[in-house]
Amino acid sequence: LNSRFQDTMLSIGRDVKAPVSSINASRESQLEAAKFRAYKTNHVLLHGLKKMGRVAAWSTSGDRLAVASDLLIHIFPSPQHRGKPGMKDITLVGHAGVVYDIVWHPTDSNILASVGADKHLRVWDIKTGKQTMAVNIGESLNRVAWSPDAETMLLCGSRILFTLDAKKLPEKSIKSTKLRQDFQQTLYSKDNTLVIVATSSDVKGTAPGVIQVFRPDNITPEGRYELSCHTGVTTSLASDKQGKLFASGGQDGIINIWDMDEIICTHSICNSDERVNSISFSPDGKLIASACDTQVFVNHVGSGEQVFSTKLSALSVAFHPAKLVLAVVGEDDRNSSQATFARYIEFTS
């Protein structure tokens, strides 16, 4: 381990340990995988999308699903809440360019934030279906993350990270950090001690993909730890609900599973050589779903075994925060017209 690795890891309060490259599939994990493989699935199509769905995100309470589709954001009640008073399909209109990312408030399921090509961060009140504020960042934005304590927001532009004080919005209390890489996704650790960013390691995206680790109070080039983890661009990130693991997906088709405390890769999962567009952990952290160019996969995290697959050209997957319900959006390449779709996949024993 080089000195930069040690110094940086110590500065963010993590023990320095060597990466683990082998997978340890215990008998218990194999039995769990076999159980999940026997689950039945029910596909429920959601109607209303006229353009391709790009991103799906569940509210913290799991009562609503948001789907970004072109300039619009569609809000669907969950299967359990559909038909209940006050729960209906809503379309949020306001963006002047393609919506690239959406994120729910970490504690309030009636608040949603979105970013896109129109250079704006927009915040929405789902109860009224209206925009409550818009902040012009001055840069096309492809990702947004909300800190677990709801006090800070992190936005990804083209090789620029923007940090906003969410308590002071819509005032422009914005800090920016310029880096050489193109950003793909970002997330906060559950304990709010780390910010993890997925990126390529050069501006052309030709060198191996990396993840960059920062402390939330020191998002600077000097404060980062950079770790190569994919042979192509690192395309996606996800963390489990328990805060113990996070995963990175890559252009190389690999999903790496990481220990959040020690920032080491414990093992890798590979279903195909297709780009991993999106990943999501199940609520108990035992399964991980991945959206690839022509297929959606679900794997058992501990053993790495594949427990489900379906042929869909998906851009985003999102597990419900409390139930084994997977939201999938993208295009259905089984249809000659390349029909756009959003659907729930329900898993039952």
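1. Description of the sheet that holds strand S5 (residues 90-93)
Next, step 1: Within the open sheet, the 4 strands sit side by side as S2-S3-S4-S5. Their pairing is antiparallel. At either margin of the open sheet sits one strand with a lone partner, and together these are strand S2 (53-58) and S5. Strand after strand, the sheet turns through a mean of 20° between neighbouring axes, direction not considered.
Next, step 2: Alignment of S2 against strand S3 (residues 64-69), held across 5 bridges, turns out to be antiparallel. Bridging from a neighbouring strand, Trp-58 pairs with Leu-65 of S3.

2. Considerations on the sheet that holds strand S16 (residues 209-214)
Next, step 1: Strand order in the open sheet made by the 4 strands is S14-S15-S16-S17, with antiparallel pairing throughout. Sheet topology places strand S14 (183-188) and strand S17 (225-230) at the edges, where each strand pairs with a single neighbour. Between one strand axis and the next, the sheet turns by 20° as a mean value, whatever way the strands run.

3. Some remarks on the environment of Gly-253
Next, step 1: Here Gly-253 is to be found in the loop between strand S19 (245-250) and strand S20 (254-259).
Next, step 2: Using a relative accessible area of 5% as the deciding quantity, one classes Gly-253 as buried.
Next, step 3: With 39 residues separating them along the chain, Gly-253 and Cys-292 place their C-alpha atoms 8.0 Å apart.
Next, step 4: Here Gly-253 is in contact with Ile-269, Cys-270, Asn-271, Ser-272, Asp-273, Glu-274 and Val-276, once residues within four sequence places are set aside.

4. Re the pairing of S19
Next, step 1: A large share of S19 lies buried, amounting to 5 of its 6 residues.
Next, step 2: Across 5 bridges, the pairing between strand S18 (residues 234-239) and S19 is antiparallel. Residue pairing for S19: Ser-236 is matched across the bridge by Gly-249.
Next, step 3: As consecutive antiparallel partners, S18 and S19 are separated by 5 residues, and within that stretch Gly-243 has a phi angle of approximately 80°, a positive value.
Next, step 4: As paired strands, S19 and S20 are joined by 5 bridges and run antiparallel to one another. Pairing of Gly-249 across the sheet is with Ile-255, part of S20.
Next, step 5: Between the antiparallel neighbours S19 and S20 lie 3 residues, among them Gly-253 with a positive phi of about 85°.

Rules of the game
- Residues numbered from 1 in each chain as written.
- Predicted model: local features only at pLDDT ≥ 70, side-chain atom pairs only at ≥ 80, totals over all residues.
- Heavy atoms only, no water.
- Pairing = 2+ DSSP bridges.
- Helix = DSSP H or I, 4+ residues; strand = E, 2+ residues; numbered from the N terminus.
- Axes fitted to C-alpha atoms, helices over the stretch in contact; angles between N-to-C directions.
- Buried < 20%, exposed > 50% of the residue type's maximum accessible area, 1.4 Å probe, protein only.
- Contact = heavy atoms within 4.5 Å.

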